[in-house]
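Structure assessment
One letter stands for each residue in the lines below.
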Amino acid sequence: MPSVLQDAFVLLKDVVLKIVNRFIIAAVILLAGFIMGRIAFNLSKRILSEIRLDSLVRSYIGIKLSIEDAISNIIKYSIYFIALLFSVSQLGIENLTFN
């Protein structure tokens, strides 16, 4: 009887460790994605400001738009979304959410 109980505890410990590991890896993926998204936002904003994209658009189209912000935000949120997809995939629940 004690060996059955020990086997059950060992199995439970293994399952819990696998779940905790998946959550930790998913959290690290999310954190890395948010950091990379923010870095990409700042870098793209700086590059687009250097080429003066807003003033180019304003001179050709005549409309005052902040294209630099729009493009930089699209890049940032795309990276956030990709990190979220990788994180959900790591948890193994992508079949539940993306079918």
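Quick look at the structure, then. This structure is a prediction, so every number in the text was calculated from the model and none was measured.

**A closer look at the overall build of the chain**
Within the chain, the secondary structure is distributed over 4 helices and 0 strands. Starting at the N terminus, the α and β elements of the chain follow one another as α-α-α-α. Against the globule reference of 13 Å for 99 residues, the chain gives a C-alpha radius of gyration of 23 Å, more extended than a compact globule. Dimensions of the chain, computed from C-alpha atoms along their principal axes, come out at roughly 85 × 25 × 10 Å. Across the 99 residues that make up the chain, the buried fraction comes to 17%. A distance of 7 Å separates the average location of the 10 positive side-chain charges in the chain from that of its 7 negative side-chain charges.

**Notes on the environment of alanine 27**
Within the secondary structure layout, alanine 27 lies in helix H1 (residues 2-50). Under the relative-accessibility criterion, alanine 27 is labelled partly exposed at 43%. With 61 residues separating them in the primary sequence, alanine 27 and valine 88 have C-alpha atoms 9.9 Å apart.

**Here's the deal with the packing of helix H2 (residues 53-61) against helix H3 (residues 67-91)**
The interhelical angle for the contact between H2 and H3, taken along N-to-C directions, is 125°, at an axis separation of 7 Å. Taken together, the axes of H2 and H3 lie oblique to each other. In this structure, H2 uses Leu53, Asp54 and Val57 to contact H3, whose residues at the interface are Ile67, Glu68 and Ile71. Considered class by class, the residues forming the contact of H2 with H3 number 4 nonpolar, no polar and 2 charged.

Procedures and definitions
Residues numbered from 1 in each chain as written. Predicted model: local features only at pLDDT ≥ 70, side-chain atom pairs only at ≥ 80, totals over all residues. Heavy atoms only, no water. Helix = DSSP H or I, 4+ residues; strand = E, 2+ residues; numbered from the N terminus. Rg over C-alpha atoms; globule rule 2.2 N^0.38 Å. Buried < 20%, exposed > 50% of the residue type's maximum accessible area, 1.4 Å probe, protein only. Lys, Arg positive; Asp, Glu negative; His and termini not counted. Charge placed at Lys NZ, Arg CZ, Asp CG, Glu CD. Axes fitted to C-alpha atoms, helices over the stretch in contact; angles between N-to-C directions. Parallel < 35°, antiparallel > 145°, perpendicular 65-115°, else oblique. Contact = heavy atoms within 4.5 Å. Nonpolar A, V, L, I, M, F, W, Y, C, P; charged D, E, K, R; others polar.

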